[in-house]
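# Coordinate analysis (summary)
Given next are the chains, with one letter for each unit.
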Amino acid sequence: MKKDKRYQKIDQISPSFCLAKWLQVTIDLKHGTNHSCHHPERHIIPTQLLENKPDVLHNTPFKKRQRKLMLEGVRPPECSYCWTVEDAPGEHISDRYIKSTDPWAWDSLEKIAKLPWDQDINPTYVEVMFDSICNLSCSYCMADISTSIMKEMKEFGPYPVTDQQHRMPKHADRVDDEENIFQKAFWKWLPTLSQDLQVLRITGGEPLLSPQNDKLLEFFETHTFKKLELIVNTNLSMPSEFVRGKLLRVKKLVDNKRVAGFELYTSLDAFDSAAAYIRSGLNLELFWKNIELVHELFPESQIVIMCAYNILSMGSFDELIQCVRSYKEKGYKLVLDLSYVKNPFYLRANLATEDLRTKLESSYALMKSLCAQGLFSAHELSKLETVYNWVKSPNEQSDILRGRRDFYSFINEYDKRKKTNFLKTFPEYEAFYKTCHKVFEFTEADRLASKK
Ligand code: SF4
């Protein structure tokens, strides 16, 4: 399977080497955290050096130690997302290979392999979160990333699940409204990246609602980043006139060659009412209208639909594939980019009962046949294949029981808070729901008996 010679070259440096640890970073400027790549947990950016050395937003002492492990052939524990994929039966291509061979990474392989482990380096791919202002409260998301979820958790408190911290704020704000030292460092650092930066991805929250996003557009009106692809992650669930206003400013930057190009990333994890249930607050009518608007303004740009494949994606995933197919057939450069939800544990797709697993089989077969017809790319198929193999890999029975018990508790509480009805939205999940209910009753009886 590792036919690609580039994968062998990466492993020759070390079997745990990954360029994303040097070149890609996601920075949360609200809580002063970062991670490389987006799979590991976020870690704290130390403030002591930041004023004179704004690149500490990326080159933290903790990250340098992970780079050292990689150069020595040791697997950093924080990268378990990739090790799980690589250790699954059969041979699989983890994100370590995919990211390291991405255009923003591959050309730097030899240079980086020779660097001392503690060398500071400019990233070529920066994802930045200015703040957490967000109009949605998705089921798998958390308070640190969405002000809507923050409001929900303040009002209702934690969900009655094993890990009560899910959705609760994890990182305290490390800034006050007057002075955000992380934002200040970012604005100082950004001009110094002009030669290296190939991708700047703005995320949130919902970045189109952030005043910092306007500041960024103003910045590029007076600075030129020749190699830069500007990417915005947006939920597209806002009035089209508002979205049009923001996109017209971006279009001017591209037309005036201030940046090399633009791509829009959005999210959808299932089809129709299932998608709106998972992403609470999502207005699907506006979503598709805005997809059409993006295509009208940037007909040559890719529009990437990120899909956080979770247990609730399974029932309607075939329909989502067919929907994306219909847009592709009309000339839209839509791309379906999947990853699987690992946290929260109780939304993992591998909790599925047999009846739901057959739906994933069907989606995989459908994507394969559409890929053979040239309608989906090998990359899109490989992402679904990763999900498929992960769901099929063996699991501890105790983990499955815990996940199903928590799923039942979570969904009932979610329905109460959002005034939704799970079984009305997902009638095909009745058998799964009943199974989870049984596990819940059994473990509750056990818990009460142990208290006596
Ligand atoms: S090894 Fe995997 S999880 Fe770690 S940085 Fe690379 S792509 Fe991300």
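Residues numbered from 1 in each chain as written. Predicted model: local features only at pLDDT ≥ 70, side-chain atom pairs only at ≥ 80, totals over all residues. Heavy atoms only, no water.

## Here's the deal with the environment of Lys419
Rules: Here a strand is any run of E in DSSP of at least two residues, a helix any run of H or I of at least four, and the numbering for each starts at the N terminus.
By secondary structure assignment, the location of Lys419 is in the loop between α16 (397-418) and α17 (422-425). Residues Lys419 and Met306 lie 113 residues apart in sequence; the distance between their C-alpha atoms is 26 Å.

## Thoughts on helix α10 (residues 240-255)
Our working rule: Here the expected span of a helix is defined as 1.5 Å times the quantity of residues minus one. We call a residue buried when its accessible area falls under 20% of the maximum for its residue type, exposed when it is over 50%, and partly exposed in between, using a 1.4 Å probe and counting protein chains only. Our arc is simply the arc of the directions from the helix axis toward the C-beta atoms. In this analysis, two residues are considered to be in contact whenever any of their non-hydrogen atoms come within 4.5 Å of each other.
Over its 16 residues, α10 runs 21 Å from end to end, which matches the ideal 22 Å to within 8%, given 1.5 Å per residue. Listing the buried residues of α10 in full gives Ser240, Val243, Lys246, Leu247, Val250 and Leu253. Down the axis, α10 shows its buried residues gathered within 135 degrees of arc, on one side only. Structural note: α10 exposes Glu241, Lys252 and Asp255 on the side pointing more than 90 degrees away from its buried face. Residues of α10 that are buried sit in contact with α9 (211-222), β7 (225-233), β8 (259-267) and α12 (284-297). One or two positions beyond α10, positive phi appears at Lys257, with a value near 60 degrees.

## Quick word on the nonpolar core
If you look at soluble globular proteins, the nonpolar side chains tend to sit buried side by side. How we decide: Here, the term nonpolar core denotes a set of buried Ala, Val, Leu, Ile, Met, Phe, Trp, Tyr and Cys residues that are joined through side-chain atoms within 4.5 Å. Delimitation of the domains relies on an automatic or database domain assignment.
Residues Leu200, Ile311 and Leu312 are the most contacted members of the largest nonpolar core, which totals 148 residues. Inspection of this core shows a minimum of three residues originating in each of domain 1 (1-25 + 33-121) and domain 2 (130-173 + 204-398). Other than its neighbours up to four places away in sequence, Ile311 contacts Tyr346, Leu347, Arg348, Ala349, Leu351, Ala352, Leu356, Phe407, Tyr429 and Phe432.

Shape descriptors only; they carry no functional weight alone.
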